[in-house]
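For reference, the chains in residue letters:
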Amino acid sequence: MKTILVIEDEAQIRENIAEILAFTGFEVITAENGATGLELAKSRHPDLIICDIMMPTLDGYQVLDALRQNARTATIPLIFLTAKVDRGDQRHGMNLGADDYLIKPFEPEELLLAIESRLNRRTALTQYIAREQQKVRKLRYSLQHNQQKLQVSQKQEEIKADLLQRLVQDLREPVSNLNLATQMLENATSQEARDRYLKILKTECNRQAQLLHEFEQLQALLTPETTKLLQHYRIIDP
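Residues numbered from 1 in each chain as written. Predicted model: local features only at pLDDT ≥ 70, side-chain atom pairs only at ≥ 80, totals over all residues. Heavy atoms only, no water.

K.L.:
Report on the sheet that holds strand β3 (residues 48–52), specifying residues and quantitative values.
P.N.:
Strand order in this open sheet of 5 strands is β2-β1-β3-β4-β5, and the pairing throughout is parallel. Every interior strand has two partners, whereas the edge strands, β2 (27–31) and β5 (100–103), have only one. Strand-to-strand twist of the sheet, defined as the mean angle between neighbouring strand axes without regard to direction, takes the value 20°. The sheet contact formed by strand β1 (residues 3–7) and β2 spans 5 bridges and is parallel. By the bridge assignment, Ile4 is partnered in β2 with Val28. Packed on one face of the sheet, helix α2 (residues 34–44) meets β1, β2 and β3 and runs near 145° to β2. The sheet contacts of helix α3 (residues 60–68) involve β1, β3, β4 (78–82) and β5, and relative to β4 the element is tilted by about 170°. (Pairing = 2+ DSSP bridges. Helix = DSSP H or I, 4+ residues; strand = E, 2+ residues; numbered from the N terminus. Axes fitted to C-alpha atoms, helices over the stretch in contact; angles between N-to-C directions. Contact = heavy atoms within 4.5 Å.)

Below, the structure written as structure tokens:
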């Protein structure tokens with residue numbers, strides 16, 4: 001049920017409008033002057049406001065100006081009621097943000113058509129804003145997701161570089177041992193010494209091959225998913 005606020009200082013007109021709207025299915029709240037109407041607009045946040053122009057305390061223009069300066073009430077459609085209106089008055093109201101004018105006396109059908117038109121326009125605007133906000137949320141999510149993927153990719157490269165550095169360090173010792181064993185084998189004077197250095201060579205060759213195999217396995221395991229898992233369990237720095 002849509003809520004409509006009627007701000008009108010003439011009791012009979014205010015009651016007639018409220019009766020028409022209530023009979024049509026609207027929830028109606030009323031105010032007998034501009035100041036009261038403005039407070040009701042802020043506290044009840046109606047879907048539409050019908051407001052007389054010439055009123056005590058605050059006239060319709062002052063009410064509209066205050067509504068448009070408040071973020072909570074700035075987008076509420078407002079229809080002015082007036083006994084007469086010239087082009088200057090109408091332009092002034094439109095410049096302040098009025099949505100329509102109804103000249104007294106008016107027919108109930110005229111009032112209801114004006115209300116329906118403004119509510120439909122507001123619904124369309126609300127739906128458009130919601131769609132645009134959804135697009136912005138999707139774009140923000142996409143940017144964040146791509147940024148996370150880039151960070152994971154960068155982390156993978158860092159891990160691979162670190163593994164390569166460790167491999168180089170680990171290979172230095174067997175390579176050094178291979179060089180030493182090769183030299184000693186060349187200078188060996190007995191079969192026993194040659195057998196001992198050949199054993200060292202075989203051991204270090206196997207050790208080197210194992211290190212290379214382990215490195216290849218680690219590289220294959222470094223997917224974005226496993227990188228996140230390693231970071232989650234603090235196995236590597238996030």
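K.L.:
Requested: an account of the packing of aromatic side chains, with residues and values cited.
P.N.:
For the structure shown, the criterion picks out 2 aromatic pairs. A centroid spacing of 5.5 Å and a plane angle of 80° characterise the contact between Tyr61 and Phe80, whose relative ring orientation is edge-to-face. Of the two residues, Tyr61 is situated in helix α3 and Phe80 in strand β4; the sequence distance between them amounts to 19 residues. As far as burial versus exposure is concerned, Tyr61 and Phe80 are alike and both buried. (Phe/Tyr/Trp six-rings, centres within 6.5 Å; stacked < 30°, edge-to-face > 60°. Buried < 20%, exposed > 50% of the residue type's maximum accessible area, 1.4 Å probe, protein only.)

K.L.:
Account for the packing of α2 against α3, naming residues and giving values.
P.N.:
Following both chains from N to C, one finds α2 and α3 inclined at 20°, their axes separated by 10 Å at the closest point. Judged by the inter-axis angle, α2 sits roughly parallel to α3. The handedness of the crossing between α2 and α3 is right-handed. Contacts between α2 and α3 pair Gly34, Leu38 and Ala41 from the former with Val63, Ala66 and Leu67 from the latter. Grouping the amino acids of the contact of α2 with α3 by side-chain chemistry returns 5 nonpolar, 1 polar and no charged. (Parallel < 35°, antiparallel > 145°, perpendicular 65-115°, else oblique. Left-handed = near helix turned anticlockwise from the far one by under 90°. Nonpolar A, V, L, I, M, F, W, Y, C, P; charged D, E, K, R; others polar.)

K.L.:
Hey, could you go over the nonpolar core for me, with residue numbers and the actual values?
P.N.:
Judged by nonpolar contacts, the single largest core of 19 residues is most densely connected at Ile7, Ile49, Cys51, Leu67, Leu78 and Phe80. Secondary-structure elements contributing two or more residues to this core are β1, β2, α2, β3, α3 and β4. Ranked by the residues each element gives to this core, the list is headed by α3, at 4 residues. Contacts of Leu78, omitting those with residues within four sequence positions, involve Ile49, Cys51, Leu64, Leu67, Arg68, Ala98, Asp99 and Asp100. Grouped together as the second largest cluster of nonpolar side chains are 15 residues, Val6, Leu21, Ile50 and Leu111 included. (Core = buried A, V, L, I, M, F, W, Y, C linked by side-chain atoms within 4.5 Å.)

K.L.:
Can you explain a nonpolar patch on the surface? Please cite residues and give values.
P.N.:
On the surface, Leu125, Tyr128 and Ile129 cluster together into a nonpolar patch covering about 280 Å² of accessible area. By secondary structure assignment, the location of Leu125 is in helix α5 (residues 108–187). Overall, the relative accessible area of 45% leaves Leu125 in the partly exposed class. (Patch = residues over 30% accessible without salt bridge, like charges linked within 9 Å, V, L, I, M, F, W, Y side chains within 5 Å. Areas by Shrake-Rupley, 256 points an atom, 1.4 Å probe, with all protein chains shown as cover. Salt bridge = Lys/Arg side-chain N within 4 Å of Asp/Glu carboxyl O.)

K.L.:
Explain the confidence of the model for the protein to me, using residue names and the numbers behind them.
P.N.:
For the protein, per-residue confidence averages 79 on the pLDDT scale, and 68% of positions sit at 70 or higher. Per-element averaging of pLDDT across the protein places helix α7 (residues 224–232) at the bottom with 56 and β1 at the top with 97. (pLDDT = per-residue confidence, 0-100.)

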